Structures are given as structure tokens and as C-alpha cells.
Amino acid sequence: MKNFKDKVAVITGGASGFGHEFALISARLGMKLVLADVQQDALDKVRAEFEAQGVPVLAMRCDVSKAEQVQALADATMEKFGAVHLVFNNAGVGSGGLIWENSQADWEWVLGVNLWGVIHGVRIFTPLMLECAKREDGYQGHIVNTASMAGLLNAPTMGVYNVSKHAVVSLSESLYQDLSLVDAPIGASVLCPYFVPTGISQSHRNRPGDMQNTAAPTASQRAAQVMSDKAVSSGKVTAAEVAQRTFDAIREGQFYIYSHPEALGNVRDRMEDIINQHNPGDPYKAAPHIREKLKSVLKG
Ligand SMILES: NC(=O)c1ccc[n+]([C@@H]2O[C@H](COP(=O)([O-])OP(=O)(O)OC[C@H]3O[C@@H](n4cnc5c(N)ncnc54)[C@H](O)[C@@H]3O)[C@@H](O)[C@H]2O)c1
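Residues numbered from 1 in each chain as written. Predicted model: local features only at pLDDT ≥ 70, side-chain atom pairs only at ≥ 80, totals over all residues. Heavy atoms only, no water.

1. Quick word on the site of the ligand
- Around the ligand, the structure places 29 residues, and the nearest of them are Ser 16, Asp 37, Tyr 161, Thr 198 and Asn 206.
- One of the side-chain nitrogen or oxygen atoms of Ser 16 is found 2.5 Å away from an oxygen atom of the ligand.
- A distance of 2.8 Å separates an oxygen atom of the ligand from a polar side-chain atom of Asn 206.
- Surface burial for the ligand is 98%, taken as the share of its 830 Å² of free accessible area covered by protein chains.
- Sorting the residues of the shell around the ligand by element identifies α1 (17-28) and α5 (159-181) as the ones contributing at least two each.
- In terms of residue class, the shell around the ligand is made up of 14 nonpolar, 11 polar and four charged. (Near = heavy atom within 4 Å. Polar contact = N/O pair within 3.5 Å; in protein donor to acceptor, adjacent residues only side chain to side chain. Areas by Shrake-Rupley, 256 points an atom, 1.4 Å probe, with all protein chains shown as cover. Helix = DSSP H or I, 4+ residues; strand = E, 2+ residues; numbered from the N terminus. Nonpolar A, V, L, I, M, F, W, Y, C, P; charged D, E, K, R; others polar.)

Okay, here's the thing in C-alpha cells:
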């Protein structure tokens, strides 16, 4: 996709972090914005920010884990702007701890947002984009799904998140293959960031009341929270830089997008372990102090 001016961008999780940065670049490129989020105060703030700049914007409260709310988002987009060109299935949340200690609510919440959110986005917006392509001469579209390096690696105490993000990588590669098969004028990319300062480690701020845990957090869950707060807040690459790399990739039709390509050695090691039938290696090989810290916390 190379033409952005006057085109329509839909961004889930658009009120914060990567989503907000995607919106800023989209606006600079002259696009019309559809911003979907569950955090109303953040959504109100970004709506006011873009309206003040004269950017056409539809800001809508939408829980991406709910099919009917994503359908309502698509309907409202078509009603207001009459087309869709660029879709970011980006909303995401996290929950840590030893995998057998995660509750059913942890699994349902994280898979609901991270995986079902992308499923609904692809299932509902792709046919709409294909319809738009039939009506608009020279139509160009693109879909970006936000996964994570956790979609290519499996670090300990991140199991629920890892599962959700591996599924998003698979879904995105499948989407790419299927769009190519039918020669659709729609590209696809998967964004796999490493730790980048955003609100992600505080995603429990938006956890719905009916998805709360009744039990107190376990030692592993407390340790995972401390680790993720530290890793995310000390990330050196900014969300704005990642958003710029993402737009460069959209222009070039590049599928895999990374924030920290230097971390891909771990992915190569994992692939070699799989091919050579070696048992899974240590994803913290380059940072053994993290593994030692986790072990000592879990021993009490
Ligand atoms: N920041 C990182 O280090 C990092 C690394 C890898 C992947 N990611 C992924 O990046 C994506 C964006 O997260 P971020 O880092 O910008 O964090 P963020 O918390 O700043 O932004 C996420 C946004 O999603 C919204 N959201 C949460 N639940 C939602 C729901 N049910 N429906 C709609 N919106 C919802 C939040 O309100 C928030 O505005 C996520 O998919 C996340 O998993 C982040």
C-alpha cells in the first residue's frame, strides 16, 4: 500500500501506546481515523487531540473480544467514511505467572482480546475491504496484526500471552497466504515487538469486572508483574519508532516487522532446536540474571 491520503485507517487499541502512534502517523499522511478502545478517558483524549487538528475521526468504545462490538465498529466506519483501507488489529493485554497457576479468567480475558480480537477484525474487515476494492479503482489495502516476539519465542512465566501471540502469528501468515491466493489488492503484516515503553504492563487497568481473579496473585504472578513492568519501562526503542517502521513495512509490502531485530538470534536458536529435535533452549541465555532472579523468587 502506497497511497494514504484521504484513505481510512481503523486502529484497535487506538487510545494508547502503539495504537496512538499509528494514529499520529496516519493523520500526518492525511488519512481519516477510526479509533477503537475500551478505555473511555484515553479515547476521549485522543479524539479531542485529533479533532483539534481538523483530522476526521470516529472514536468508538469497542471491546474487540466481542463479535457484535467489532461488527458495530465496521458498520459505523462504513456509515461515516464509506470505505476501509488500512486495519490495525492491535489491541492487546497481558497476564503472567507459571502456566498452571493462571485462572480460567486469565485465559479467557487474554485470548479474548489478543486472539479473538484479531479473529473478529480479520473475519469482519477483510470481506469489507474486498467489497471496497470492487468499487474503488486502484484500491490498495493493508492489514497489520500486532503479535509480539512472544509469538516467536516462549519465555517462562508468560505462557498465556505466548499462546495468544503465537496464534496471532499463525493467523497472520494464513491471512497473507489466502490474500495472495486470490490476488487481493490487500497486503498483510505481523508486528512482533520486543519490550517497548507503553501501557502494556499495566493492561489490568482495563480488565473487565466479570474477568477478575478472586484469588490473590501467586508468587510467580507477582514476580512476572515486576519483571514485565521493568522490561517494558526500560525499553530503549520508542513506540513512535516502531510505528514508523510499521508504516515503512506497509509501503514496502513487508510481512514480518520487528522492533529489535537483534533479538532474532533467540528465534533462530528455537527453530534449530525444533529442526534438530533438541529440547527447548533457554530464552534467557543472553540475560541469565533474569532466570536466576525468577528462580530465587519462586524458591521463596
Ligand atoms: N509494549 C510492548 O512491549 C509490546 C511488546 C509486544 C507486543 N505488544 C503488543 O502491542 C499491542 C499494543 O499494546 P501497547 O504496547 O501499545 O499497550 P497499551 O496498553 O499502551 O495499548 C493497548 C490499548 O489496547 C486497549 N485495549 C485493551 N483491551 C481492549 C479491548 N478488549 N478492546 C479494545 N481495546 C482494548 C487499551 O485500553 C490500550 O489503549 C498489544 O497487542 C500488545 O500485546 C506490546
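Moving on from the coordinates now.
2. Re the confidence of the model for the protein
- For the protein, the mean per-residue pLDDT works out to 96, and 100% of the residues sit at or above 70.
- Per-element confidence in the protein ranges from a low mean pLDDT of 84 for helix α9 (residues 288-299) to a high of 99 for strand β4 (residues 86-89). (pLDDT = per-residue confidence, 0-100.)

3. Here we look at the packing of helix α3 (residues 67-81) against helix α4 (residues 104-135)
- Interaxial distance between α3 and α4 falls to 9 Å at its minimum, and their mutual angle equals 25 degrees. For the element pair α3 / α4, the angle class is roughly parallel. Handedness of the α3/α4 crossing: right-handed. Residues Ala 67, Val 70, Gln 71, Leu 73, Ala 74 and Met 78 of α3 lie in contact with α4, whose contacting residues are His 120, Gly 121, Arg 123, Ile 124, Phe 125, Leu 128, Cys 132 and Arg 135.
- Class assignment of the residues belonging to the contact of α3 with α4 gives a composition of nine nonpolar, three polar and two charged. (Axes fitted to C-alpha atoms, helices over the stretch in contact; angles between N-to-C directions. Parallel < 35°, antiparallel > 145°, perpendicular 65-115°, else oblique. Left-handed = near helix turned anticlockwise from the far one by under 90°. Contact = heavy atoms within 4.5 Å.)

4. Regarding the packing of aromatic side chains
- All told, the structure shown has seven aromatic pairs when counted by the stated rule.
- Relative to Phe 247, the ring of Phe 4 has its centre 5.9 Å away and its plane inclined at 55 degrees; by these criteria the two rings are tilted. Of the two residues, Phe 4 is situated in the segment before β1 (8-12) and Phe 247 in helix α7 (residues 239-252); the sequence distance between them amounts to 243 residues. Across this residue pair, the class does not change: Phe 4 and Phe 247 are buried.
- Between Tyr 176 and Phe 255, the ring centres sit 5.3 Å apart and the planes meet at 65 degrees, which makes this aromatic pair edge-to-face. Pair noted here: Tyr 176 is in helix α5 and Phe 255 is in the loop between α7 and β7 (256-258), with a separation of 79 residues, a long-range link.
- An aromatic cluster of at least three residues, connected via ring pairs, comprises Phe 4, Phe 22, Phe 88 and Phe 247. (Phe/Tyr/Trp six-rings, centres within 6.5 Å; stacked < 30°, edge-to-face > 60°. Buried < 20%, exposed > 50% of the residue type's maximum accessible area, 1.4 Å probe, protein only.)

5. Section: a nonpolar patch on the surface
- Together, Ile 99, Trp 100 and Val 163 line one region of the surface with nonpolar side chains, adding up to about 330 Å² of accessible area.
- Structurally, Ile 99 is set in the loop between β4 and α4.
- Residue Ile 99 is classed as partly exposed on the basis of its relative accessible area of 40%. (Patch = residues over 30% accessible without salt bridge, like charges linked within 9 Å, V, L, I, M, F, W, Y side chains within 5 Å. Salt bridge = Lys/Arg side-chain N within 4 Å of Asp/Glu carboxyl O.)

6. A short note on the state of the cysteines
- Here the structure, examined in full by the defined rule, presents zero disulfides.
- Its sulfur unpaired, Cys 62 is 18 Å from the next cysteine sulfur, which belongs to Cys 132.
- Of the residues examined, Cys 62 reaches a relative accessible area of 3% and is grouped as buried. (Disulfide = S-S within 2.5 Å.)

7. Thoughts on α3
- End to end, α3 covers 21 Å across 15 residues, agreeing with the expected 21 Å (1.5 Å per residue, within 8%).
- Turning to α3, its buried residues are Val 70, Leu 73, Ala 74, Ala 76, Thr 77 and Phe 81. Projected onto a plane normal to the axis of α3, the buried residues spread over an arc of 165 degrees and lie on a single side. Set apart from the buried face of α3 by more than 90 degrees, the exposed residues are Glu 68 and Glu 79.
- For α3, the secondary structure elements touched by its buried residues are β1, β2 (32-37), β3 (57-61) and α4.
- Immediately beyond the C-terminal end of α3, within one or two residues, lies Gly 82, with a positive phi of roughly 75 degrees. (Expected span 1.5 Å × (residues − 1). Arc of directions from axis to C-beta.)

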